[in-house]
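Each chain, written out:
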Amino acid sequence: MARDVQITFDCADPAKLAAFWAEALGYRLQDPPAGFASWEQALEAMGVPPERHNDASALIDPEGAGPRLFFQRVPEGKQVKNRVHLDVRAAPGLAGEERMAALEAEAERLAAYGATRLQRYEPAPPLDAGHIIMADPEGNEFCLD
């Protein structure tokens, strides 16, 4: 039986990182619990002190197809390269220079939201599919492909 998965990010600023990934993936912030107009209202009703309101954030795919993304505050910063990363499909069905132009445009768009461009790999045989390695605002690597 296939299982649903959630992708969890350890981070310093859950709200900021969730906002970046919402923009990168077209996701949206998960709605607050029923009966609350905002997360702030819900957290206050739950007795969560204001300094803990940014301890976590979650995003969902508005179409319901992709996994939930969960962002949790941790005290330590990122130490080494990710062992698992996301590949953001920014140029589906494109090849060659057309593909790379679409990847470059997406890299520029995400840089405006705090991403950092790390490296570009040119298309090369046998796959002929180049890609761009990026880092999100907290340094987590991901690929535009």
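In what follows, the structure referred to is the one given above.
Residues numbered from 1 in each chain as written. Predicted model: local features only at pLDDT ≥ 70, side-chain atom pairs only at ≥ 80, totals over all residues. Heavy atoms only, no water.

Enquirer: What is the right way to read the layout of surface pockets from this model?
Expert: Remark: the empty space left among the atoms is shown by a probe the size of a water molecule rolled over them. Size it by volume and the largest pocket reaches roughly 440 Å³. Secondary-structure elements contributing two or more residues to the lining of the largest pocket are β1 (6–11) and β8 (141–144). The element that contributes the greatest number of residues to the lining of the largest pocket is β1, accounting for 5 residues. The residue makeup of the lining of the largest pocket, split by class, is 10 nonpolar, 6 polar and 6 charged. As for the second largest pocket, its lining consists of 17 residues, of which W39, L43, H53, A56 and S57 are closest to the centre. Among the elements of the structure, α2 (39–45), β3 (56–60) and β4 (68–73) are those that each provide at least two residues to the lining of the second largest pocket. Class assignment for the residues of the lining of the second largest pocket results in 9 nonpolar, 4 polar and 4 charged. (1 Å grid on protein atoms, 1.4 Å probe; cavity = no way out; pocket = protein on both sides within 12 Å on 5 of 7 lines; lining within 4 Å. Points joined across faces, edges and corners; volume = space filled by probe spheres on them. Helix = DSSP H or I, 4+ residues; strand = E, 2+ residues; numbered from the N terminus. Nonpolar A, V, L, I, M, F, W, Y, C, P; charged D, E, K, R; others polar.)

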